[in-house]
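# Understanding the architecture of this molecule
Spelled out from the first residue to the last, the chains are:
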Amino acid sequence: MKKIHWCAGIILGFSIIAALLITSFEIAMYSDFDVYRQEYEKYDVLSDLDMTMDDVMYVTHEMMDYLRGEGDTLSVITTVEGKEQDFFNEQDRFHMGEVRNLFIGGLNIRIGACVAAVVCILFLIITRADIKKILPRSYWIALGVIGAAVLLIGIAAVVNFNAVFVQFHHIFFDNDLWIFDPAEDYMIRMLPEGLFYDMVMRIGAIFVVSLMAVLALSFVPKILGRKKKLV
């Protein structure tokens, strides 16, 4: 039974980390839209598009709502280069439809991870496992595995973000419709590679902070146990 307890604990640890990762994406992408405004100013997106900031932000809000599952079609009529037209073309719509499926899939994974975590906790409680010992150590094991992966990916992204970015698309997409021509496509002008780099760093920072917060909490039972012994 002890082995089963440890398996449940480790599944719980990975489930917590998976939920934190998806939540980090959501926080980074949706908690503060001023981040997008700052990125657009940083990369001079308005000049590349010949649009006002209000129009670009309107497109951004509509696009982000779509990625969350709102609306059936990504179509935003706005003024670009002095003409009122649809900001997105058919290639944009196809690719962003795939991105939306990934994002919604991630949200579903988070739900599944939370369910798995609750089931594991209930199992450990019902079977009278040594929770004070199993929960912290199981999280440390999961954190060690994920931490190593995050560190490697982080180093690779800093050294050559473009290579990591391209590899990501090769893994998650089975076509080359994610490759856009800035001369003809408005969306890629609005979303330069530098913006993606900054967003990945933002997601990474939020994720690492959340992992460290849970790590700190995992030491609470041990600290409380020492205080009881002293008393």
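Cut-offs used in this document
- Residues numbered from 1 in each chain as written.
- Predicted model: local features only at pLDDT ≥ 70, side-chain atom pairs only at ≥ 80, totals over all residues.
- Heavy atoms only, no water.
- Helix = DSSP H or I, 4+ residues; strand = E, 2+ residues; numbered from the N terminus.
- Rg over C-alpha atoms; globule rule 2.2 N^0.38 Å.
- Areas by Shrake-Rupley, 256 points an atom, 1.4 Å probe, with all protein chains shown as cover.
- Lys, Arg positive; Asp, Glu negative; His and termini not counted.
- Charge placed at Lys NZ, Arg CZ, Asp CG, Glu CD.
- Contact = heavy atoms within 4.5 Å.
- Buried < 20%, exposed > 50% of the residue type's maximum accessible area, 1.4 Å probe, protein only.
- Phe/Tyr/Trp six-rings, centres within 6.5 Å; stacked < 30°, edge-to-face > 60°.
- Core = buried A, V, L, I, M, F, W, Y, C linked by side-chain atoms within 4.5 Å.
- Salt bridge = Lys/Arg side-chain N within 4 Å of Asp/Glu carboxyl O.
- Pairing = 2+ DSSP bridges.
- Axes fitted to C-alpha atoms, helices over the stretch in contact; angles between N-to-C directions.
- Parallel < 35°, antiparallel > 145°, perpendicular 65-115°, else oblique.
- Nonpolar A, V, L, I, M, F, W, Y, C, P; charged D, E, K, R; others polar.

So, about the overall build of the protein chain. Looking only at helices and strands, one finds 10 helices and two strands in the protein chain. The linear arrangement of helices and strands in the protein chain, starting from the amino end, is α-α-α-α-β-β-α-α-α-α-α-α. Here the C-alpha radius of gyration of the protein chain, 22 Å, is well above what a compact globule of 231 residues would show, namely 17 Å. Projected onto the principal axes, the alpha-carbon positions of the protein chain cover approximately 75 × 30 × 30 Å. Carbon and sulfur atoms make up 65% of the accessible area of the protein chain, which totals about 13400 Å². Charge centroids of the protein chain, computed over 20 positive and 28 negative side chains, lie 29 Å from each other.

Note on placement: Leu-102 falls in helix 5 (residues 90-126). For the pair Leu-102 and His-5, spaced 97 residues apart in sequence, the C-alpha to C-alpha distance is 33 Å. Filtering out sequence-adjacent residues up to four positions away, Leu-102 remains in contact with Phe-172 and Phe-173.

This brings us to unusual backbone geometry. Unlike most non-glycine residues, Glu-81 shows phi in positive territory, near 50°. Examined against the element boundaries, Glu-81 turns out to sit in the loop between strand 1 (77-80) and strand 2 (83-86). Glu-81 gets classed as partly exposed once you look at its relative accessible area, which sits at 35%. One non-glycine residue, Arg-128, lies in the positive phi region at around 55°. Positionally, Arg-128 belongs in the loop between helix 5 and helix 6 (131-159). Looking at Arg-128, the relative accessible area reads 77%, which means it is exposed.

What follows concerns the packing of aromatic side chains. Taken as a whole and assessed by the stated rule, the structure comprises 10 aromatic pairs. Ring geometry for Tyr-30 and Phe-103: centres 5.7 Å apart, planes at 45°, overall tilted. Here Phe-103 lies in helix 5 and Tyr-30 lies in helix 1 (residues 2-30), a separation of 73 residues in the sequence. A single burial state applies to Tyr-30 and to Phe-103, both of which are buried.

This part takes up the nonpolar core. Grouped together as the largest cluster of nonpolar side chains are 35 residues, with contacts concentrated most on Tyr-40, Phe-87 and Met-190. Of all the secondary-structure elements, those providing two or more residues to this core are helix 1, helix 2 (34-42), helix 3 (45-49), helix 4 (53-67), helix 5, helix 8 (186-190) and helix 9 (193-218). Sort the elements by how many residues they give to this core and helix 4 lands first, with eight residues. For Phe-87, the residues in contact, after removing those within four places along its chain, are Leu-49, Met-51, Val-59, Val-76, Thr-78, Val-80, Asp-92, Tyr-186, Met-187 and Met-190.

A few words now on the pattern of salt bridges. Counted by the stated rule, this structure contains seven salt bridges. Residues Arg-68 and Glu-26 are paired through a salt bridge, measuring 3.0 Å at the closest nitrogen-oxygen approach. With a gap of 42 residues between them, Arg-68 in the loop between helix 4 and strand 1 and Glu-26 in helix 1 connect regions that are remote in the sequence. Take Glu-26: its relative accessible area is 16%, and that puts it in the buried class.

Attention now moves to the pairing of strand 1. Judged by which residues are buried, strand 1 turns out to be one-sided: Thr-78 and Val-80 face inward and are buried, whereas Ile-77 and Thr-79, on the alternate face, are not. Pairing geometry for strand 1 and strand 2, over four bridges, is antiparallel. When the sheet's bridge partners are listed, Val-80 is paired in strand 2 with Lys-83. Here strand 1 folds back onto strand 2 in antiparallel fashion, the turn holding two residues, of which Glu-81 has a positive phi close to 50°.

Contact geometry of helix 4 with helix 5 gives a least axis separation of 8 Å together with a crossing angle of 55°. If you check the angle between helix 4 and helix 5, you find them oblique. Facing Met-63, Tyr-66 and Leu-67 of helix 4, the residues of helix 5 in contact are Arg-93, Met-96, Gly-97, Val-99, Arg-100, Phe-103 and Ile-104. Looking at the contact of helix 4 with helix 5 residue by residue, the class counts come to seven nonpolar, one polar and two charged.

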